[in-house]
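# Remarks on the overall topology
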Amino acid sequence: MRRSQSETICETRSSSALDGVVGKLQKQLEEQQAIINLQNRKIEALKSELAESHRLRAQDMQRNELETRELYLMLRDAQDVAAASSRKTKDGAEVSGGGKNAGHPE
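Predicted model only: the values in this text are computed from it and were never measured.

## A few points about the overall build of the protein chain
What the protein chain contains, in helices and strands, is 1 helix and 0 strands. Among the 106 residues that make up the protein chain, the fraction classed as buried is 0%. Carbon together with sulfur atoms contributes 56% to the accessible area of the protein chain, which is approximately 10100 Å² in total.

See the structure below:
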């Protein structure tokens, strides 16, 4: 069966139109893939930044905990010194003054 010239022209136009549509779709797909790749790179950068923030926060928390512990130990030592000093003062007053009734004969 032989094709007519008009059928061939129609087929050529249809083929050209399909090639145009396919080309547009391929271009659109490539552009979308480029956008996806860019977004994936941004996501990875943000994940890295978030991980670094978590690491720095953990370091800060550890440093704060250590500082709090050191301050607590300093406070406890100061309280121990104050308590010992208070006992010495009290013991010294009892020894030199004779206790509660010092200066008051019974």
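## Considerations on the pattern of salt bridges
Inspection of the entire model under this criterion finds 3 salt bridges. Glutamate 52 is the salt-bridge partner of arginine 55, the closest N and O atoms lying 2.6 Å from each other. Of this pair, arginine 55 and glutamate 52 both sit in helix α1 (residues 5–97), 3 residues apart, which is roughly one turn of the helix. What makes glutamate 52 partly exposed here is its relative accessible area of 35%. Here arginine 63 makes a salt bridge to aspartate 60, at a shortest N to O gap of 2.3 Å.

Conventions used here
Residues numbered from 1 in each chain as written. Predicted model: local features only at pLDDT ≥ 70, side-chain atom pairs only at ≥ 80, totals over all residues. Heavy atoms only, no water. Helix = DSSP H or I, 4+ residues; strand = E, 2+ residues; numbered from the N terminus. Buried < 20%, exposed > 50% of the residue type's maximum accessible area, 1.4 Å probe, protein only. Areas by Shrake-Rupley, 256 points an atom, 1.4 Å probe, with all protein chains shown as cover. Salt bridge = Lys/Arg side-chain N within 4 Å of Asp/Glu carboxyl O.

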